[in-house]
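Take a look at the letters that make up each chain.
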Amino acid sequence: MSHNVNRRAFLKASATLAGLAAAQHTLPAWMPRLAFAQPYNNPRGDVLVVIFLRGGADSMNMIVPYAEDAYYTARPTLAIPRPDANTGAKALDLDGFFGLHPALAPLLPIFQGGGMTAVHAAGSPHATRSHFEAMSFMERGTPGSYDVTTGWVGRHLASLDTGSTSPVRGIGWGTAVQQALSGGPSIVAMQSIINYHLNGDTQSAANMLASLGSLYSLESESLSAAALSTQAAIEVVASVGYANYTPQNGATYPEYEFAMALRQTAALARADVGLEVACIDLGGWDTHAQQGSVEGDQALLMLQLAGGLAAFHQDMGADMNRVTVVVMSEFGRRLAENASLGTDHGHGGALLLMSDNLSAAPVVANWVGLTPDVLDRGEDLPITTDYRDVLTEVLTRRLNNDQVNSVFPDYAPQSLNLFNGQMSSQPPA
Amino acid sequence: MKRRDFLKLSGAAGLAGLNAALIGKALSQDSGFMPGERDPVAHVINRLTFGVNPQLYDYVHQIGVEAYIDEQLNPDSIDDSECDQILTFFPLISQSAGELVSQYQDNSEPVAINLIGSTFVRAIYSKRQLHERLVQFWSDHFSIFLAKDAPMIFLKVDDDRDVIRAYTLGSFRDLLGADAHSPAMLFYLDNFESSVPYPNENYARELMELHTLGVNGGYTEDDVKEVARAFTGWSIVGPRDLLGETGAFTFRSNQHDTDEKVVLEHILAAGRGEEDGEEVLDILASHPSTARFIATKLARRFVSDFPSDTIVNAAAQTFTDTSGDIRATLRTIFASEEFWNAPPKFKRPFEYTMGIIRALGYPASIIGEFGEPLFQALQGMGHVPFLWPAPNGYPDFGAYWMSNLLPRWNVAIAAVANGGDFTALREFLNQYNASDDLDGFITFMSGYLFGRELTEQELTIVRDFSLAAGSSLTEQALAGTALLIAAPAFQLA
């Protein structure tokens with residue numbers, strides 16, 4: 001056996017997306033096409049972007065209930081100072097009761113302009129404090145039940161008959177599609193548009209793709225369908241010319257993976273490839289320790305979240321009229337801090353919405369206070385708004401899908417009136 | 001269940017006398033084995049190892065599948081000196097966390113290279129293949145995310161060597177105890193900072209949900225709090241960054257909650273110390289939910305994504321009867337009808353990728369060149385060892401991995417196209433494949449890679465693609481190999 005093992009560094013990690021602009025692919029020059037042309041989508045609604053904060057985001061330190069004394073009592077070291085505090089970094093007032101964490105400052109003008117709403121004391125009502133169970137319930141859209149194995153986004157795509165033949169109706173950014181997308185037609189996982197092709201010279205790649213298609217078509221339905229959508233997606237994303245994509249309105253995306261997923265979503269949303277939903281994960285929110293206050297692990301995550309969302313908002317500009325962004329997490333965290341500058345698993349959290357068609361105030365909440373008698377289990381923010389109520393409004397008002405019972409079976413949603421008017425069933429001009 | 005019973009069941013009695021000389025052809029010609037039917041040798045190799053290689057098929061066929069299973073269940077009996085020799089190129093895995101942190105605190109990359117690189121090498125070259133698959137299994141079960149802040153990576157080196165690798169096949173209680181004391185786990189799930197009066201619940205919850213009982217295993221939110229109290233004071237020596245210290249386990253009695261606790265209806269008396277945690281581990285390890293949970297996960301790994309109640313019950317019974325003997329539990333699984341008749345399982349990216357390197361017979365000398373591409377390929381598929389960002393470990397369901405086929409196809413192309421060293425494979429081919437025409441090559445390779453013969457339809461597809469790839473047999477054979485490796489039959493095990 002040879003001993004000639006070369007130990008030279010082979011862990012030059014990640015950051016491949018950062019080099020996108022330098023990619024040498026000769027693709028058609030990017031042209032800002034007529035926004036949302038319609039060969040695939042008829043009649044479809046907004047492009048939906050679902051951002052999942054993995055780990056149970058501490059919404060209490062993101063959308064801060066600074067008017068609550070109990071918040072400051074429970075969090076002597078982690079609380080975010082009131083907007084009128086005599087300190088440097090402090091909460092940024094939203095409505096006289098809630099304030100934004102200072103790391104979310106890039107989102108403040110969007111909130112102030114009516115382009116974002118936080119729905120607080122919201123979430124998935126099942127009592128579980130397990131990440132994995134809570135995520136699974138939430139993404140499947142059936143809290144407490146394991147009967148339905150597909151995801152709510154997947155069922156949305158399956159129940160909305162757009163007649164679309166696009167192979168990329170749903171994209172899960174990352175190395176596997178999110179559970180929410182599961183069961184949907186024409187969904188694919190992708191990390192990078194630029195790298196989404198078969199390697200080798202054009203002719204042999206085409207030959208191999210064709211032969212693989214033939215081989216996979218002989219297999220089980222799931223495997224042959226996966227191969228088919230992969231093949232079709234390769235062709236479609238190549239047509240986007242992403243190498244030449246220039247964000248609009250002077251937007252600059254941070255070079256985080258999260259922001260790069262948003263940048264690629266923006267490009268696909270503008271091109272006429274039939275994208276209806278993109279799912280993006282941002283992980284690391286399980287802040288049992290070193291969560292920090294105005295600074296710390298959670299503040300760094302919020303910088304990523306806000307930086308990416310603000311760039312996306314700026315890039316989309318007037319096209320935000322046809323995009324809805326939802327940010328959610330599997331649960332919120334305990335009101336009281338623990339011994340390691342962190343917080344343990346809690347219950348109620350907050351959903352964030354970004355859209356040009358919001359009609360609601362910056363913060364919507366059926367807020368019952370933070371006294372032990374109203375807290376869940378005496379210690380966690382209660383859920384007074386079911387997250388399915390929020391998503392139902394997105395479905396019916398923005399996604400043109402009134403098959404709510406297919407998406408959230410056996411659930412009677414409550415109206416929240418978060419959006420202006422009704423969705424037109426006509427495709428945009 | 002005995003292998004001969006399996007053979008009766010499957011109606012493939014002729015296999016017992018199979019001559020391995022022409023694997024692919026023999027399967028169809030001599031045994032009446034029809035395309036798509038299972039070859040027990042290929043099946044055992046698929047399930048117990050990281051994939052067939054030129055020597056292994058012969059070997060297993062020669063000693064028999066049952067002898068091979070026995071051998072693999074006793075890894076200490078296997079001479080692994082060749083792999084050990086290669087591992088000398090990763091000296092950092094023999095060092096302690098305390099030594100590593102003082103040397104590599106500013107640049108931990110060499111430590112990651114040693115830890116992950118040695119994992120690749122062992123998967124590809126170790127003869128203790130089942131041991132390596134169990135290391136992977138327990139590394140997922142007691143998952144630790146390498147990229148949590150320093151000193152996570154240094155502590156994981158200790159954990160990999162002294163906890164996971166040391167207890168793969170022994171008593172589950174011993175493994176659980178070693179893991180509970182492991183500074184890596186204490187750091188990863190924050191227990192090292194847990195103290196009265198506000199204990200950190202992270203470890204306590206995952207201990208029950210992920211390591212023992214399972215999420216619906218019968219514990220309550222109150223149990224989580226009580227277990228967290230029982231483990232207060234279980235900590236590590238040194239400051240958070242570990243600088244200047246060993247990072248060894250220590251029990252801090254002044255941070256321990258000495259009041260009475262009630263865990264799963266057992267009363268832990270007041271006034272005790274470290275024994276609180278030990279008793280919790282005893283309670284959990286001997287709980288019926290734990291037997292069922294571990295049995296289910298092992299059956300999922302070695303049998304199918306959705307194992308039947310029959311096999312789970314049998315494995316759980318053995319687990320209970322033997323007080324959590326992992327080896328005995330595996331024996332029950334490997335002897336079961338379900339194991340021998342298991343449906344194909346979609347390979348996870350790590351198994352798929354290591355399987356390619358093994359199948360092509362690449363020597364260890366290529367790891368220097370292939371190490372970085374291997375890492376990047378696994379990154380593109382989301383399956384680099386120790387980099388799953390949550391404590392539940394990489395998913396073990398085919399459906400999870402199936403939405404991302406493209407990087408697999410590119411790995412197949414890269415593995416064949418990058419001018420690799422095919423010496424071992426060529427010798428293997430020369431030894432067994434008298435035929436020097438393309439059809440003979442394809443038939444032989446598919447038998448070797450898939451453990452079955454191609455159908456006419458498949459053969460036509462592969463032949464047409466190969467012929468279009470070049471005029472020489474070498475070009476055609478290489479292209480055909482890439483296609484076979486990317487084909488669905490090689491994605492399944």
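None of these values were measured; they are calculated from a predicted model.

Participant: Please set out the interface of chain A and chain B residue by residue, giving values where relevant.
Facilitator: Counting residues at the interface gives 55 residues for chain A and 59 residues for chain B. Of all the elements in the fold, those that place two or more residues in the side of chain A that touches chain B are α3 (131-140), β7 (187-190), α5 (202-216) and α6 (221-238) of chain A. The element best represented in the side of chain A that touches chain B is α5 of chain A, accounting for eight residues. Residues that form the side of chain A that touches chain B fall into these classes: 23 nonpolar, 24 polar and eight charged.

Participant: Would you mind going over the sheet that holds strand β3 (residues 92-93) of chain A in detail, with residue names and values included?
Facilitator: Residue and element names in this part refer to chain A. An order of β2-β4-β3 is seen for the three strands of this open sheet, with the pairing classed as antiparallel. Each edge of the open sheet carries a strand with a single partner, namely β2 (63-64) and β3. Relative to strand β4 (residues 99-100), β3 runs antiparallel, the two sharing two bridges. In the sheet register, D93 faces β4, and the bridge partner there is G99.

Participant: Talk me through the environment of Q304 of chain A; I want residue IDs and the actual numbers.
Facilitator: Residues and elements named next belong to chain A. Positionally, Q304 belongs in helix α8 (residues 297-316). Sequence spacing of Q304 and A57 is 247 residues, and the spatial spacing of their C-alpha atoms is 13 Å. The contacts of Q304, once residues within four sequence positions are left out, are Y256, F258 and L282.

Participant: Give me the lowdown on the packing of helix α3 (residues 40-48) of chain B against helix α4 (residues 56-63) of chain B, citing residues and values where you can.
Facilitator: Residues and elements named next belong to chain B. Where α3 meets α4, the closest approach of the two axes is 10 Å, and the angle between their N-to-C directions is 120°. As for the relative orientation of α3 and α4, their crossing is right-handed in sense. Facing V41, V44 and I45 of α3, the residues of α4 in contact are L56, Y57, V60 and H61. Looking at side-chain class alone, the contact of α3 with α4 contains six nonpolar, one polar and no charged residues.

Participant: Residue-level account of the packing of helix α23 (residues 406-417) of chain B against helix α27 (residues 473-486) of chain B, with values.
Facilitator: All names here are of chain B. Running from amino to carboxyl end, α23 crosses α27 at an angle of 150°, the nearest separation of the two axes being 8 Å. Between α23 and α27, the angle falls in the class roughly antiparallel. As for how α23 packs across α27, the hand of that crossing is right-handed. Note on element contacts: α27 touches α23 through L478, T481, A482, I485 and A486, opposite R408, W409, A412, I413, A415, V416 and A417. Looking at the contact of α23 with α27 residue by residue, the classes come out as ten nonpolar, one polar and one charged.

Participant: Could you give an account of unusual backbone geometry, with specific residues and numbers?
Facilitator: Residue P151 of chain B is bonded to the preceding A150 of chain B through a cis peptide linkage, with omega at 5°. Following the sequence through the fold, P151 of chain B ends up in the loop between α9 (129-141) and α10 (152-164). Of note, the bond from V196 of chain B into P197 of chain B is cis; its omega dihedral lies within 30 degrees of zero at 0°. Mapped onto the elements, P197 of chain B comes out in the loop between α12 (183-188) and α13 (202-212). For S186 of chain A, which is not a glycine, the phi torsion comes out positive at approximately 55°. Relative to the helices and strands, S186 of chain A resides in the loop between β6 (170-173) and β7. Looking at S186 of chain A, the number of C-beta atoms within 10 Å reads 24, which means it is buried. Phi at N249 of chain A is positive, roughly 55°, even though this residue is not glycine.

Participant: Tell me about the environment of G172 of chain A, and please be specific about residues and values.
Facilitator: Of note, G172 of chain A is situated in strand β6. Residue classification places G172 of chain A among the buried positions, given that 29 C-beta atoms sit within 10 Å. Distance in space between the C-alpha atoms of G172 of chain A and A232 of chain A is 16 Å, their sequence separation being 60 residues. If sequence neighbours within four positions are ignored, G172 of chain A has contacts with V177, Q178, L181, I187, A189 and C279 of chain A together with S403 of chain B.

Cut-offs applied
- One numbering rule holds for all chains: residues counted from 1, following each sequence as written.
- Chain labels run from A onward and ligand labels from 1 onward, assigned in the order the entries are written.
- pLDDT decides what is reported in this predicted model: residues at 70 or higher carry local features, side-chain atom pairs at 80 or more are listed and counted, and totals for whole chains, interfaces and linings draw on all residues regardless.
- C-beta atoms are first placed from the backbone for all residues, and any pair lying within 7 Å is then listed as a contact.
- Segments assigned H or I by DSSP are reported as helices when at least four residues long, segments assigned E as strands when at least two residues long, and all are numbered from the N terminus.
- Under the convention adopted here, Pro, Cys and the residues Ala, Val, Leu, Ile, Met, Phe, Trp and Tyr are nonpolar, Asp, Glu, Lys and Arg are charged, and Gly plus all remaining residues are polar.
- Paired strands, in this sense, are two strands between which DSSP finds at least two bridges.
- Axis definition: a line fitted to C-alpha atoms, over the contacting stretch in the case of helices. Angles run 0 to 180 degrees between N-to-C directions.
- Two helices cross in a left-handed way if the nearer one is turned anticlockwise from the farther one by less than a right angle. They cross in a right-handed way if the turn is clockwise.
- An angle below 35 degrees is treated as roughly parallel, one above 145 as roughly antiparallel, one from 65 to 115 as roughly perpendicular, and anything else as oblique.
- With C-beta atoms placed from the backbone, the exposure class of a residue follows from how many other C-beta atoms lie within 10 Å of its own: 20 or more, buried; 12 or fewer, exposed; in between, partly exposed.

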